[in-house]
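Survey of secondary and tertiary structure
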Amino acid sequence: MTRLKARFRCYSIAASTAIRERLTYAGNFHGAMLTYGLFVFIFSRVWAGAYARQSTIAGYTMAMAVWYFIIAEVPSFGMGRFFISLSQDLKSGQVAYQLSRPYDFVYYHYAERFGGSLADAGVIMVEGLVIGVLLLGGVPALDPAQGSGLAAEAGRAALLVLSLLLAGSLGFFLQFSLAMTAFWLEENEAFFWIYQKLMLVIGTLIPIEFLPAPVAAIAIWTPFPYLSYAPARIFVAFSWAEAGSLITRQLIWWAIAATLAKAVFARGSRRIAMNGG
Amino acid sequence: MIAIEAKRLSKTFSLRVRPQGRLATIRGLFSSTTRMVHAVKGAEFSVDEGEVVAFLGPNGAGKSTTIKMLTGILQPSGGTARVLGLDPSRERKRLAWSIGSVFGQKSQLWFHLPPADSFRLLGAVYELEPEVLKRRTGSLVERFDLTELMDVPVRKLSLGQRIRCEIAASLLHGPKILFLDEPTIGLDVVARKEIRRLIAELNQTEGMTVFLTSHDMGDIAKVCKRAIIIHHGEVVVDESMKTLKHRAMAMKYLGVRYASPTDTVLPGLQPVKHTPTSARYEVDTHKHSLREVVQALASRGELEDITIEDEPLEEVISRIYAAKSGAEASASIAAAKGGSHDQA
């Protein structure tokens, strides 16, 4: 077995083990499913009110806005708030075992967390599609200029999945980097609080087109739109060109965030302090 | 060949001290002071390949910190460590292939999954070929008697069963050194005995070097051939278990029971406990001849029973712990060593 193949096998088994653990209890999903369902319902009512006197807002119809919310919430529900558990593990020394293994700490966590989030995001995605179809009667129609038929639908679905995976990956590396601040700070939750709020405002609750133009112009240069806006936009207003551009920018941010996570870990792990057993 | 070597190994943690007094919280926002905690201070020792060494010390002595420096998890603040010829802090990943570790208060097994899943993942982590993993797992399952446990979710295992699985999991990749940080903590007598047997067996059959921290004297007396005692971050004792046990023999616990009330106070030796017809003494054989004490007690009245016991190892080590500083401990040990040699 080559080293590369062996490493890939290690990380893929870490991911599949995480999926298996998440699937051990159906109860693991009940809380998230209930919250998500409630959010979608509430937002659909909010949009119904907002769209009572107008048929479009910033180019979005009411159906598009509801579908947008359904998709935009999937990466956040999938990745969850692992920042808190990872920070706690660093502070309590629970990472001792993981630090004494021959794998790359960052990529191992990535595989493990990403595997777990696939199970969570998969369940939420199915729930969202069911709720969306029940509420709105069907998925957003494709613009005929972008093609029609099964091939075009399959293309949109494939790019949506790719964008969701990149959004989840980006979210992982950003949360991971923030969690690493536990190496320096006793209380680091403020960073995560700010991160969550920015993520919600910039592209999760509402499309960035809804933001004031100057804010949207700045927001597009931050990583936040690529955590939820990109996949949601690809789904509700699909165009090959825009999808390509969004996914390219997601890839760039993914590379930046992965490099940042590696650098912060390399620096922080030299400062690790764990007293006692 | 030397497996583990520590030279003037030190670890200092910086601890933030919150200001005291009125408005302390607000003042703390603008200024903070830090206190340096010297967890390990210039520890020096070496362990040969194939040795089973007990690394002892009271809570906060620096045992776990030392183990974490030796496994590359913590960076030393000073001094050097070499494990299997590697510098753990610089070559942590390389070293990881050759060492196994068990931290009794932490788990490496997936809590909701059966141990078989964790074994499969660890096999992949250590890049074991599937057939090698199968063979190693089979042999460890047999040796640690895990057949019935491999498919039970870890959360449903007893602590003893879980620790058996933890140790087996840490041996999957065939490490040359096993670091055990309080592996028997919280276990009942039967489970402790079983873990001790397995550790001894691993050392005897595979020649594995074992570095063990424990508070349980039974672990140490039964399994280890050598003890290193660390106190306030300094190594205060490094000697064979035989010598340590010999030191225990210097103090005798002597109990007598008479047929009728008897004066039990001997010149220069007060009983530590007594009733009109019985007494118990702690006889320091460096100061009193045991034979003379027994003769004197026998001459006081009609003896019904007499018992003589060695000082428990636990007490010997407690005396070392009780010393207020490393220097005091060293002095008392030096004195005891002198006496012990005389006795020998």
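Residues numbered from 1 in each chain as written. Chains lettered and ligands numbered in written order. Predicted model: local features only at pLDDT ≥ 70, side-chain atom pairs only at ≥ 80, totals over all residues. Heavy atoms only, no water.

All names here are of chain B. Considering all chains together, one arrives at 25 salt bridges over all chains under this definition. Between D87 and R90 there is a salt bridge, with its nearest N and O atoms 3.4 Å apart. The exposure class of D87 is buried, given its relative accessible area of 17%. In this structure, E206 and R143 form a salt bridge, with 2.9 Å as the shortest nitrogen-oxygen distance. Of this pair, E206 sits in helix 7 (residues 189-206) while R143 sits in helix 5 (residues 130-143), and the two are 63 residues apart along the sequence. We classify R143 as partly exposed; its relative accessible area is 23%. One network of salt bridges, with partners in common, ties together R143, E194, R197, E201 and E206. (Salt bridge = Lys/Arg side-chain N within 4 Å of Asp/Glu carboxyl O. Buried < 20%, exposed > 50% of the residue type's maximum accessible area, 1.4 Å probe, protein only. Helix = DSSP H or I, 4+ residues; strand = E, 2+ residues; numbered from the N terminus.)

In this section: helix 2 (residues 27-50) of chain A. Here helix 2 of chain A contains 24 residues, and its C-alpha end-to-end distance of 35 Å stays within 8% of the 34 Å for a straight helix at 1.5 Å per residue. Of the surrounding elements, those touching the buried residues of helix 2 of chain A are helix 1 (3-22), helix 3 (62-79) and helix 6 (105-136) of chain A. (Expected span 1.5 Å × (residues − 1). Contact = heavy atoms within 4.5 Å.)

Further remarks concern the packing of helix 6 of chain A against helix 11 (residues 240-268) of chain A. All names here are of chain A. Put simply, helix 6 and helix 11 touch, their axes get as near as 9 Å, and they point 125° apart. With respect to helix 11, the element helix 6 is oriented oblique. On the side of helix 6, the interface is formed by F105, V106, Y107 and Y110, while helix 11 contributes W254, A261, K262 and F265. When its residues are assigned to classes, the contact of helix 6 with helix 11 shows seven nonpolar, no polar and one charged. (Axes fitted to C-alpha atoms, helices over the stretch in contact; angles between N-to-C directions. Parallel < 35°, antiparallel > 145°, perpendicular 65-115°, else oblique. Nonpolar A, V, L, I, M, F, W, Y, C, P; charged D, E, K, R; others polar.)

A word on helix 10 (residues 229-236) of chain A. Residue and element names in this part refer to chain A. Burial analysis of helix 10 places eight of its eight residues in the buried class, which makes it a mostly covered element. Every buried residue of helix 10 is listed here: Y229, A230, P231, A232, R233, I234, F235 and V236. Contact partners of the buried residues in helix 10: strand 2 (60-61), helix 3, helix 6, helix 7 (149-179), helix 8 (189-204) and helix 11.

Residue and element names in this part refer to chain A. Where helix 3 meets helix 7, the closest approach of the two axes is 9 Å, and the angle between their N-to-C directions is 45°. Here helix 7 runs oblique to helix 3, going by the angle between their axes. Here helix 3 runs over helix 7; the crossing is right-handed. Contacts from I71, V74, P75 and M79 in helix 3 reach L160, L164, A167, G168, G171, F172 and Q175 in helix 7. Partitioning the contact of helix 3 with helix 7 into residue classes produces eight nonpolar, three polar and no charged. (Left-handed = near helix turned anticlockwise from the far one by under 90°.)

This part takes up the sheet that holds strand 2 (residues 33-48) of chain B. All names here are of chain B. Across the sheet, three strands lie side by side as 2-1-4; this open sheet has antiparallel pairing. The sheet is open, and its two borders are formed by strand 2 and strand 4 (78-83), each paired with just one other strand. In this sheet, adjacent strand axes meet at a mean angle of 25° when their direction is disregarded. Against the sheet, helix 2 (residues 63-70) contacts strand 1 (2-17), strand 2 and strand 4, and its axis sits at roughly 120° relative to strand 1. (Pairing = 2+ DSSP bridges.)

All names here are of chain B. Here K273 lies in strand 11 (residues 273-275). By relative accessible area, K273 is classed as exposed at 60%. Sequence separation between K273 and Q20 is 253 residues, and the spatial gap between their C-alpha atoms is 47 Å.

Here we take up the sheet that holds strand 9 (residues 234-240) of chain B. Residues and elements named next belong to chain B. In spatial order, the strands read 5-6-7-3-8-9; together these six strands make up an open sheet with mixed pairing. The sheet is open, and its two edges are formed by strand 5 (99-103) and strand 9, each paired on a single side. Sheet twist, expressed as the average angle between the axes of neighbouring strands with direction ignored, equals 15°. In this structure, strand 3 (residues 52-56) lies alongside strand 7 (residues 209-213), joined through four bridges in parallel fashion. Note on strand 7: the bridge partner recorded for V53 is F211. This element, helix 6 (residues 159-170), spans strand 5 and strand 6 (177-181) of the sheet and lies at about 160° to strand 5.

Residues and elements named next belong to chain B. Within the secondary structure layout, D145 lies in the loop between helix 5 and helix 6. Separated by 36 residues in the primary sequence, D145 and D181 place their C-alpha atoms 22 Å from one another. Once residues lying within four places of it in the same chain are set aside, the contact partners of D145 are L140 and R164.

What follows concerns empty space enclosed by the protein. Any empty space left between atoms is shown by rolling a water-sized probe over those atoms. All names here are of chain B. Following the criterion strictly, the structure yields one cavity of 30 Å³ or more and no others. What the largest cavity holds in volume is close to 30 Å³. Ranked by the residues each element gives to the lining of the largest cavity, the list is headed by strand 5, at three residues. Looking at the lining of the largest cavity, its residues break down into two nonpolar, six polar and one charged. (1 Å grid on protein atoms, 1.4 Å probe; cavity = no way out; pocket = protein on both sides within 12 Å on 5 of 7 lines; lining within 4 Å. Points joined across faces, edges and corners; volume = space filled by probe spheres on them.)

All names here are of chain A. For E73, the location among the structural elements is in helix 3. This buried residue, E73, is left without a salt bridge; K197 holds the nearest opposite charge, at 11 Å. What E73 contacts, discounting residues up to four positions off in sequence, is Y36, F39, L200, T204 and L205. (Lys, Arg positive; Asp, Glu negative; His and termini not counted.)

Let us now look at the nonpolar core. Within the largest apolar cluster, 171 residues are counted, with the highest numbers of intra-cluster contacts made by F176 of chain A together with I4, F45 and F211 of chain B. When sequence neighbours within four positions are dropped, the list of residues in contact with F45 of chain B reads I4, E5, A6, F55, T66, L70, F211, R226, I228, V235 and D238 of chain B. In this structure, V256, Y258, L269 and Y281 of chain B belong to the second largest nonpolar core, which totals ten residues. (Core = buried A, V, L, I, M, F, W, Y, C linked by side-chain atoms within 4.5 Å.)

On the side of chain B, 40 residues touch chain A, which itself brings 37 residues to the contact. Across the chain A/chain B interface, buried area totals approximately 3,700 Å², and carbon plus sulfur atoms make up 54% of it. If you look at where chain A meets chain B, you find three salt bridges. A salt bridge links R7 of chain A to E127 of chain B; the shortest N-O distance between them is 2.7 Å. Among the secondary structure elements, those contributing two or more residues to the side of chain A that touches chain B are helix 1, helix 5 (96-99) and helix 6 of chain A. Residue contributions to the side of chain A that touches chain B peak at twelve residues, all from helix 1 of chain A. Residues that form the side of chain A that touches chain B fall into these classes: 17 nonpolar, ten polar and ten charged. (Buried area = accessible area lost by both parts, 1.4 Å probe.)

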